[in-house]
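# Observations on chain architecture
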Amino acid sequence: MKETIPILLNRRKRFTQRHVWVEESKTITVGQEDSSLVKIYVPSVLERLTCLFSSLENIQHPYRNNIHDIIQDIESFRYEDWKLSHMDSLEFEQVCDVFRDVTSAHKKHTDILHSILYHHDSNSVKGLCMDNGHHTTLRVPLPLYTGNLLIIFFCMGHCVSGLVEGLSEKKWLTRLIHDFSFMTEDQNLVPITQLSPMDLYRFFLLYHSSILRTCPLRPSQLIELGMANQSMVDFMTSGQYSVGNGTAEECHQFLLVPPRVMRGMEKACVLDQIMNAAGIGGYGGGGTAGGAVQGCSVFTTTFDFGSLGPAFRGRDNVSHVYFIPTIRLEVQCLADLESGPMYGMTRTTMSDNNPGFWVNANRSSSHPFHALMNVIRESKKIRPINMEVPRIIFVTNTIQGP
């Protein structure tokens, strides 16, 4: 264990170091990059966690205090207190204490992400299901759901880039594929015939977080959605990440593509495989093979006072946004993005696969990702105490076929 302490200390330093991603997909410390390589600037893990903590403030997410604990752990750690020359004189119990202190931030980081991806009962989701005999409904408060998406966006990016050792994205995706199937007697995986609201919830966490981790956005949109702050944007647009030689204001008109090193595996094929297995999106599904037709619906319900204001409580507006009708188109767009450009894109050359597609990203209601972006904005609104919290609702039902 003594021999691993210096290695762990070096790994812990990654929390506070800004990095540059070069075209060979290596992450290096700022100041050590080769000027001849195309570079994408990545803020430090501490900066990203600080942004996440701030983004969860209006949402009032249950893990916000846990994020704050990690930030305090990183900021209060003093490397000068750890003199490696004194390690040889430590007893076993003392070495264990040192090991625990050095790895504490990594452990807290992993615990939060693991709880959201695997232990849904620990983040207030369990117990929200209702069954009326015809269909089962899971009603998740929208701020909780979007907060989970932001945590996956930031923390999974840290893991897949190697900046923070933690969960394996590959194991997460493999687990999802396995859970949406069942093992036959001859050890073959076949699609499930009954989908639960919790299955839908887990699928949409992957689906929506994949969009956030892949979709190019303007700096102003990143800030509005809580995916970056002004300091991060200034650093990200400081080098060759933005295409062109314009002013700083002009750079902020470019769409920024998330670095490949933080996107992780290509997930469009996994999403498509699960949709076909579970019958999400209008075709495919194990339901037809099992003699049943699987019905499912995912939508958000939001409330506002309408144009007359809060004094007229009898005229509140209730609106719904449905996700499944457009899911096939969005997954196809996601697949195009995953095989698209690596670097910042100009307003006239947005994508080799679909030129000009992202020019009006999120400005038009016909844009495939428009609904998700509006839902995130809705969850961050400050509401009067007498207004109901918006929810994302997962509904499944099984109708027996003839």
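Our structure is the block above this text.
Thresholds applied
Residues numbered from 1 in each chain as written. Predicted model: local features only at pLDDT ≥ 70, side-chain atom pairs only at ≥ 80, totals over all residues. Heavy atoms only, no water. Helix = DSSP H or I, 4+ residues; strand = E, 2+ residues; numbered from the N terminus. 1 Å grid on protein atoms, 1.4 Å probe; cavity = no way out; pocket = protein on both sides within 12 Å on 5 of 7 lines; lining within 4 Å. Points joined across faces, edges and corners; volume = space filled by probe spheres on them. Nonpolar A, V, L, I, M, F, W, Y, C, P; charged D, E, K, R; others polar. Phe/Tyr/Trp six-rings, centres within 6.5 Å; stacked < 30°, edge-to-face > 60°. Lys NZ or Arg CZ within 6 Å of the ring centre and 35° of its normal. Core = buried A, V, L, I, M, F, W, Y, C linked by side-chain atoms within 4.5 Å. Buried < 20%, exposed > 50% of the residue type's maximum accessible area, 1.4 Å probe, protein only. Contact = heavy atoms within 4.5 Å.

Moving on, we get to the environment of Pro-62. Within the secondary structure, Pro-62 is located in the loop between helix 2 (45-59) and helix 3 (64-76). In sequence terms Pro-62 and Asn-148 are 86 residues apart; their C-alpha atoms lie 9.8 Å from each other.

Applying the stated criterion across every chain yields a total of 5 cavities of 30 Å³ or more. Counted as a void, the largest cavity has a volume near 240 Å³. If you go around the largest cavity, you meet 23 residues; those closest to its centre are Arg-48, Phe-153, Met-236, Pro-258 and Pro-259. Looking at the lining of the largest cavity, the elements with two or more residues in it are strand 3 (39-42), helix 5 (142-161), helix 7 (197-214), helix 9 (230-236) and helix 11 (260-263). When grouped by side-chain class, the residues that make up the lining of the largest cavity number 19 nonpolar, 1 polar and 3 charged.

Attention shifts here to the packing of aromatic side chains. This model, assessed by the stated rule, comprises 11 aromatic pairs. Clustering of aromatic rings is evident, with ring pairs tying together Tyr-145, Tyr-201, Phe-203, Phe-204, Tyr-207, Phe-323 and Phe-394. A cation sits over an aromatic face here: Arg-48 above Phe-153, 5.8 Å from the ring centre. One cation-aromatic arrangement involves Arg-64 over Phe-53; the distance from NZ or CZ to the ring centre is 3.8 Å.

One number sums up the size of the largest pocket: a volume of about 290 Å³. Lining the largest pocket are 16 residues, and of these Asn-58, Ile-59, Gln-60, Pro-143 and Val-389 sit closest to its centre. Per-class residue counts for the lining of the largest pocket are 10 nonpolar, 4 polar and 2 charged.

To continue, consider the nonpolar core. Counting 84 residues, the largest nonpolar core has Tyr-145, Trp-172, Phe-203, Phe-204, Ile-280 and Phe-394 as the members making the most contacts within it. Residue contributions to this core peak at 12 residues, all from helix 5. If near-sequence neighbours (up to four positions away) are discounted, Phe-394 is found in contact with Thr-136, Thr-137, Leu-138, Val-140, Tyr-145, Pro-197, Leu-200, Tyr-201, Phe-204, Ser-297 and Val-298. Ranked by size, the runner-up nonpolar core spans 6 residues in total, among them Ile-5, Leu-9, Phe-77 and Val-102.

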